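So the chains spell out like this:
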Amino acid sequence: MSLELNVDNLVKSFGQRKLFHVDQLRVGEGESLHLSGENGSGKTTLMKILAGLERPCSGRVMVTPKARRWWSDRIHPQVIYLHQTPYIFSGDVRDNVAYGLRLRSYSRRDVKLKVQQALAWARLEHLAEQPAYALSGGEKQRLALARAWILAPSLLLLDEPTANLDQHSVRAVSELVTQLLDKGTTVMVSSHQKNAVTDLCGRRLHLENLALQELGNAFSNELNNEPELKYYVQH
Ligand SMILES: Nc1ncnc2c1ncn2[C@@H]1O[C@H](COP(=O)(O)OP(=O)(O)OP(=O)(O)O)[C@@H](O)[C@H]1O
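Residues numbered from 1 in each chain as written. Predicted model: local features only at pLDDT ≥ 70, side-chain atom pairs only at ≥ 80, totals over all residues.

Can you tell me about the pairing of strand β7 (residues 186–190), naming the residues and giving the values?
Most of β7 is tucked away: five of the five residues are buried. By the bridge criterion, four bridges tie strand β3 (residues 32–37) to β7 in an arrangement that is parallel. Residue pairing in the sheet places Leu-35 in a bridge with Ser-190 of β7. Where strand β6 (residues 155–159) and β7 come together, five bridges link them in parallel fashion. Directly across from Leu-155, in β7, lies its bridge partner Thr-186. With helix α5 (residues 167–182) bridging β6 and the parallel β7, this β-α-β connection has right-handed handedness. (Buried ≥ 20, exposed ≤ 12 C-beta atoms within 10 Å, placed from the backbone. Helix = DSSP H or I, 4+ residues; strand = E, 2+ residues; numbered from the N terminus. Pairing = 2+ DSSP bridges. Right-handed = clockwise from strand over helix to strand, strands pointing away.)

If you had to explain the nonpolar core to someone new, which residues and values would you point to?
Val-97, Ala-146 and Leu-157 are the most contacted members of the largest nonpolar core, which has 55 residues in total. Apart from residues lying up to four places away in sequence, Ala-146 is in contact with Val-97, Ala-118, Leu-119, Trp-121, Ala-122 and Leu-124. (Core = buried A, V, L, I, M, F, W, Y, C linked by C-beta atoms within 7 Å. Contact = placed C-beta atoms within 7 Å.)

Please set out helix α4 (residues 137–149) residue by residue, giving values where relevant.
Side chains of residues three or four places apart in an α-helix project in the same direction, reflecting 3.6 residues per turn. Spanning 13 residues, α4 covers 18 Å between terminal C-alpha atoms, matching the ideal 18 Å at 1.5 Å per step. Summarising burial for α4: 11 of the 13 residues are buried, a large majority. Within α4 the residues assigned to the buried category are Glu-139, Lys-140, Gln-141, Arg-142, Leu-143, Ala-144, Leu-145, Ala-146, Arg-147, Ala-148 and Trp-149. On its buried face, α4 is in contact with β5 (79–82), α2 (93–98), α3 (108–121), β6 and α5. (Expected span 1.5 Å × (residues − 1).)

An account of α3 is needed here, citing residue identities and associated values.
Look at α3: 20 Å from first C-alpha to last across 14 residues, which is about the 20 Å you get at 1.5 Å a residue. For α3, every residue scored as buried is listed here: Lys-114, Val-115, Ala-118 and Leu-119. Angularly, the buried residues of α3 cover 135° about the axis, an arc narrow enough to put them on a single face. In α3, those exposed residues whose orientation departs by more than 90 degrees from the buried face are Arg-109, Asp-110, Leu-113 and Ala-120. For α3, the secondary structure elements touched by its buried residues are α2 and α4. Two residues or fewer past α3, Arg-123 is found with a positive phi of approximately 50°. (Arc of directions from axis to C-beta.)

So what's going on with the environment of Asp-199? Which residues, and what values?
Structurally, Asp-199 is set in the loop between β7 and β8 (203–208). Residue Asp-199 is classed as exposed on the basis of its 11 C-beta neighbours within 10 Å. For the pair Asp-199 and Ser-174, spaced 25 residues apart in sequence, the C-alpha separation works out to 9.1 Å.

Outline the pairing of β3, listing residues and values.
For β3, the buried fraction is high: six of the six residues fall into the buried class. Alternating positions in β3 separate into two faces, Ser-32, His-34 and Ser-36 on one and Leu-33, Leu-35 and Gly-37 on the other, with burial throughout. Note: β3 against β8, five bridges, orientation parallel. Across the sheet, the residue bridging to Leu-33 is Arg-203, located in β8.

Give a detailed account of the environment of Thr-198, specifying residues and quantitative values.
Mapped onto the secondary structure, Thr-198 falls in the loop between β7 and β8. Accessibility expressed as a C-beta count within 10 Å gives 24 for Thr-198, which makes it buried. The spacing of Thr-198 and Pro-161 is 37 residues in sequence and 9.8 Å in space, taken between C-alpha atoms. If we skip the residues at most four places from it in the chain, Thr-198 touches His-34, Val-189 and Ser-191.

Which residues make up the confidence of the model for the protein chain, and what are the values?
Considering every residue of the protein chain, the mean pLDDT works out to 87; 88% of them sit at 70 or more. In the predicted assembly, ipTM is 0.97 and pTM is 0.88. (pLDDT = per-residue confidence, 0-100.)

How would you summarise the packing of α4 against α5 if you had to cite specific residues and measurements?
Here α4 crosses α5 at 10°, and the two axes come no closer than 9 Å. Considered as vectors, α4 and α5 are oriented roughly parallel to each other. Where α4 abuts α5, its residues Gly-137, Gly-138, Gln-141, Arg-142, Leu-145 and Trp-149 lie against Ser-169, Ala-172, Val-173, Leu-176 and Leu-180. (Axes fitted to C-alpha atoms, helices over the stretch in contact; angles between N-to-C directions. Parallel < 35°, antiparallel > 145°, perpendicular 65-115°, else oblique.)

Go over unusual backbone geometry, please, and point to the residues and values.
Even without glycine at this site, Ala-152 takes up a positive phi of about 50°. Within the secondary structure, Ala-152 sits in the loop between α4 and β6. A tally of 14 C-beta atoms within 10 Å means that Ala-152 is categorised as partly exposed. Phi at Asn-209 takes a positive value of approximately 50°, unusual for a residue other than glycine. Take Asn-209: there are 10 C-beta atoms within 10 Å of it, and that puts it in the exposed class.

Here it is, written out as structure tokens:
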């Protein structure tokens, strides 16, 4: 399913402290966005708001088309947020991959088939019976991606997916993200550094001075140099 994300006049504060204002953000089907910003600038908070997991103080986040018959008005079943430290549930890798399907009405046979496909997609088949907590950092990221892939997200929000990963694991994650993009999934990646995954992104968003700015999309070192500003909003 193709989704559109529209954000208007979004403000987030914690107590008296204002974290950011997003004047306007439009994201269409199949786009790829890198969200950068210093530690503490609000990347995680913004992504959680977009995923409906956290409430803004004011403003509007609209995902269209709306989901029908879902358990929460704020959470859209096709919008998935992956935390930088992947959540690991008790049980083995197979159970963990199947976890996301528990709210969807699939037959046992379909669940088995989908889990097998997801394990193969993330190259985790050989670890299927291992306790998930024992996986390496890179394997846990692949597990989290497999858990997302199985739900066929239209918008995937990846929060620092390569933090603490070695080059080999970063490449593995970037291959999986490439495949998701090829399928038309919209992907937003937060990271304060450029890397193989952020290099896949066609749009650059940057949180700074309490506001979200969109940088020009020259695939240069713009985060280290003076950014070319497309628009800038500060309140
Ligand atoms: N529930 C909360 N209550 C109060 N302050 C919070 C809460 N959640 C986040 N913050 C604060 O908001 C700021 C932004 O946090 P956030 O995790 O969104 O930043 P970030 O850009 O993702 O940081 P990092 O790059 O370090 O992961 C931080 O100073 C954090 O302490």
